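Residue-level listing of the chains:
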Number of protein chains: 2
Amino acid sequence: MELQEAKARIDALQRKEIAYNHAMGLLSYDGATGAPAGTAANRGETLAVLSEASYGIATGPEMIETVETLLRHADELDEVTRRIAEVKNKDLTELRKIPVEDYVAYTKLINEADAVWHKAKENNDYASFAPYIARIVEFHKKIAALVSPEKDPYDYWLDRFEEGLTREKCEVFFAALRREIVPLVKKVTASPQVDDSLNHIPFPIPEQEKLSDELMALMGIDRDHCTISTTEHPFTTEFSKYDVRITTHYHETSFLSSLFSVVHEGGHALYELNVADELAYTCLGRGVSMGVHESQSRFFENIIGRSEAFAALLFPILERLFPEQMKGRTPHGLYLAANKSEPSLIRTEADELTYSLHIMVRFEIEKRLFAGEVTAADLPALWNALYKEYLGVDVPDARRGVLQDSHWSGGMFGYFPSYALGSAYGAEILARMEREFDVFAAVEHNEIAKINDWLREHIWKFGSLYKPGELMEKVFGAPFDPAYYTNYLKKKYASIYGFEA
Amino acid sequence: MELQEAKARIDALQRKEIAYNHAMGLLSYDGATGAPAGTAANRGETLAVLSEASYGIATGPEMIETVETLLRHADELDEVTRRIAEVKNKDLTELRKIPVEDYVAYTKLINEADAVWHKAKENNDYASFAPYIARIVEFHKKIAALVSPEKDPYDYWLDRFEEGLTREKCEVFFAALRREIVPLVKKVTASPQVDDSLNHIPFPIPEQEKLSDELMALMGIDRDHCTISTTEHPFTTEFSKYDVRITTHYHETSFLSSLFSVVHEGGHALYELNVADELAYTCLGRGVSMGVHESQSRFFENIIGRSEAFAALLFPILERLFPEQMKGRTPHGLYLAANKSEPSLIRTEADELTYSLHIMVRFEIEKRLFAGEVTAADLPALWNALYKEYLGVDVPDARRGVLQDSHWSGGMFGYFPSYALGSAYGAEILARMEREFDVFAAVEHNEIAKINDWLREHIWKFGSLYKPGELMEKVFGAPFDPAYYTNYLKKKYASIYGFEA
């Protein structure tokens, strides 16, 4: 194959892959939003057919020959095509090193595990789920050994979700967090609690829906390419940079829940919507990693959304939509209510400050499981001990403890750390941005477009062109430093809870 | 290939085809319901990839060999498999007789025509669209000649939408309708008009949404396998008998519009939801034709939905949901408002009585176009003359005349007659059903389940196992007779408008 032909072919192959991803993504999105309750089996049949076809494209002889041709001419390629060839080669190598029987057996195991986990959580019965944890970890070690025998298996999986991330890097990072955040949480817990009564009175859902539209407008989200709908657990999905969907869940007596969920998912959406057009319909045409994605969503949710400036911007809108509820309230009161912090049991309900401690618990457990230092049977006790140590809370049962998340039953070991990493990236992004303009003045003056312009130029437009760590170092102009994050948290919570930073 | 293998393969091939149909159907459904406005181009890319793959399955060597093997063993096949082989062979023959260049050129022409039609309608400019009518008709004649050179080309297209239907059958049918309905419309027009003021006062949309849920419950629609959402022009789509979607459009000051749209689409949905499980995931696992489908949707919308019995059943529900609007109203008043009849310009807004006259205009035009008796340039004048003749109305412009429907720009010549045929089938179905039980007593006593049971046993469960005309004759126990329909209309409208039937 000639280089010119290979270039045309890789373009056509990627367009095909992206079409299948679009269809499969839409099926999943539909399942989580509009589909009737009894349609999961039918959807499963369709997804199986499409994923087999998509796997055929990704690993077929045409893909192999095309990628090999590109790699032979690596020196003649432009930056984008070279990175595409590299990413495709990495995928291909993985897929070719895992025997198809293992792939099928793994998919079967995960399907079973998911069903068992649902029941186990419902029945508060960890014992029934423990064998699956053991089998999944074994399988993950096996896959890591097949694909990257030279690597520590946990490193292999960390790298899968956040290219370049290692256990060692995580340890340094989490040690810094533990050192600063654990004592900070103790100080907050010892201080008088802020008033969040605003978040416990009824806010009618039709007006909350209007608020979502206003939030998306404030954030500069292009509604011609992004909709919002409702689901059980909010998420964002993109079929391409031209078609992004965010979701939320409305609770009548907890309006801040959907409000910050929209701002969070809106951050994910902005990233996808603003990838450069040149990268669309290629494997680089989307956010580069979970960590960088969370750096955007949490930046908008917490750093921007939970700022005093945003409370000031939002307040008149809330007064207009909810005149009764907002009577006698102040922007500062809204700001305090949005930042109430309290050690708790459930990760997905955790506040900005305590969130990364929940992640740390999971990192510690994954690390020790993969190192063989603990077994599946040890997890509940270890979980509970770590919650006590980091958060100071007693876990009453497995349902609100080790069984709370779906990640492990879905085989997503190595995924959790990127949540915390994203939060920390966000704080350093803020520091970098503040050297150029007054970020919170922009928020208060309804000029979030300034922030978007900066993020587009420094992060969004690059899609997956650079590895995540590389991209962040370009943005920071220096190696990543978690002190930006811990300093940000210390300053913010000292001010809110009235103690010395 | 052995027969046993062919049986397994046809099953697997159909499951694949149905998976692609599911994905493509969901993409279109999404485009008409939840998708952001700027995503059509992206969706087009994806649909192109999937339809190419699906075409490959439908016409590939595996399909050909499998169908040929089944046909060689036709005598040994059970009824279902024999019909599957017959249907597949028909599809294959068509696909193989149309050169792929023609197929591509036709698709391109239709895409262009659709865009030109939208603009032409907007600008009230038939002249810009006329060349497309001419080219599409030419193409349709060409395709008919390629596939069935022995057939009249219009017969070929009628048969495509309603297997077994011919121009001759249509002529007999429409002549009977014209003879009875045209004078009936004149009598109605000469009578004092009924009061439909109820349909012009505001009905809040959130309560209309609740009404939709109640209607679906009354009709016995399984909500685990059928949802409702909103769109511009209501339609029903099914991804399999296990996943059906209906849509509606709410108008605040025309609540009957959505009400009857839900009942109409609900009729389509019931048909799909009640195909026998054994036929699921095969090409027989869906309603057999447009005509039979409309016989179900119009049966529910008009014969059941617009009956005095249904008005009685509905009235207390409306009083509960809309206490203010229903104050001083009566079930009989609701019945009258739902049956206001008036010759009008727009097919989709026509009432039960005048509807088939709109169809007759289109049939006359299609027939003469295909026979070469008129050309594209003659259409506006012919259209207007026929509207005057059948409905007694003057067409003021092409937008409200010959340009109103999207069908012709989409290449759907031969499709319209099935709308009228379906209405007439419905009336004969009613007559047949009434020999076994009191249909309207069942409606009034909230026992629509009785009607559903009857339709399931006589029609729904068979899916596409029998040809449409064959199925209807089985139901009727006699050849189809349009007099049931015209008699039904005469009796109903004489009673409503107070003249002698």
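1. Overview of the sheet that holds strand β2 (residues 236–240) of chain A
Residue and element names in this part refer to chain A. Spatial strand order, β1-β3-β2: 3 strands in an open sheet with mixed pairing. Only two strands of the sheet have a single partner each, and these edge strands are β1 (226–230) and β2. Here the strands of the sheet are splayed against their neighbours by 20° on average, with no regard to which way each runs. Along the sheet, helix α10 (residues 255–273) makes contact with β1, β2 and β3 (243–248), crossing β3 at roughly 165°.

2. Considering the domain arrangement of chain A
All names here are of chain A. Segmentation of chain A into domains returns domain 1 (1–97) and domain 2 (197–344 + 418–492). Here the C-alpha centre of domain 2 lies 30 Å away from the C-alpha centre of domain 1. Contact residues are listed per partner, giving 16 residues for domain 1 and 19 residues for domain 2. Overall, the association of domain 1 and domain 2 removes approximately 1,600 Å² of surface from exposure, summing both partners, and the carbon and sulfur fraction of that is 66%.

3. Notes on the confidence of the model for chain A
When the pLDDT values of chain A are averaged, the result is 96; 100% of them are 70 or greater. Predicted complex metrics record ipTM = 0.91 and pTM = 0.92.

4. Let's talk about the interface of chain B and chain A
Taken together, the contact pairs 34 residues of chain B with 34 residues of chain A. Taken together, the two surfaces of chain B and chain A that pack against each other cover about 2,600 Å², and 59% of this comes from carbon and sulfur. Between Arg15 of chain B and Glu45 of chain A there is a salt bridge, with its nearest N and O atoms 3.5 Å apart. Seen at the junction of chain B and chain A, the total is 15 residue pairs in polar contact (both at pLDDT 80 or more). Of all the elements in the fold, those that place two or more residues in the side of chain B that touches chain A are α1 (3–32), α2 (40–59), β1 (226–230), β2 (236–240) and β3 (243–248) of chain B. When its residues are assigned to classes, the side of chain B that touches chain A shows 16 nonpolar, 9 polar and 9 charged.

5. A word on the relation of the copies chain B and chain A
Each of the two copies of the chain can be brought onto the other by a rotation about an axis and a shift along it. In the superposition of chain B on chain A (RMSD 0.0 Å, axial shift 0.0 Å), the rotation amounts to 180°. Expressed as a symmetry operation, the mapping of one chain copy onto the other fits a two-fold axis. When C-alpha distances to the rotation axis are compared across chain B, the minimum falls at Ala23 of chain B, with a value of 2.9 Å. Both copies contact each other with a shared surface, as 100% of the interface residues of chain B are interface residues in chain A too.

6. Quick look at the packing of aromatic side chains
If you walk through the whole model with that rule in mind, you get 59 aromatic pairs over all chains. Aromatic side chains Trp408 of chain A and Phe416 of chain A sit 6.1 Å apart centroid to centroid with 90° between the ring planes, which places their arrangement in the edge-to-face category. Residues Trp408 of chain A and Phe416 of chain A agree in their burial class; the two are buried. Above the plane of the ring of Phe260 of chain B lies Arg306 of chain B, whose end atom (NZ or CZ) is 3.9 Å from the centre. Sitting over the face of the ring of Phe416 of chain B, Arg362 of chain B holds its NZ or CZ atom 5.4 Å from the ring centroid.

Criteria and thresholds
- Residues numbered from 1 in each chain as written.
- Chains lettered and ligands numbered in written order.
- Predicted model: local features only at pLDDT ≥ 70, side-chain atom pairs only at ≥ 80, totals over all residues.
- Heavy atoms only, no water.
- Pairing = 2+ DSSP bridges.
- Helix = DSSP H or I, 4+ residues; strand = E, 2+ residues; numbered from the N terminus.
- Axes fitted to C-alpha atoms, helices over the stretch in contact; angles between N-to-C directions.
- Contact = heavy atoms within 4.5 Å.
- Domains from an automatic or database assignment.
- Buried area = accessible area lost by both parts, 1.4 Å probe.
- pLDDT = per-residue confidence, 0-100.
- Salt bridge = Lys/Arg side-chain N within 4 Å of Asp/Glu carboxyl O.
- Polar contact = N/O pair within 3.5 Å; in protein donor to acceptor, adjacent residues only side chain to side chain.
- Nonpolar A, V, L, I, M, F, W, Y, C, P; charged D, E, K, R; others polar.
- Least-squares fit on C-alpha atoms with pLDDT ≥ 70 in both.
- Phe/Tyr/Trp six-rings, centres within 6.5 Å; stacked < 30°, edge-to-face > 60°.
- Buried < 20%, exposed > 50% of the residue type's maximum accessible area, 1.4 Å probe, protein only.
- Lys NZ or Arg CZ within 6 Å of the ring centre and 35° of its normal.

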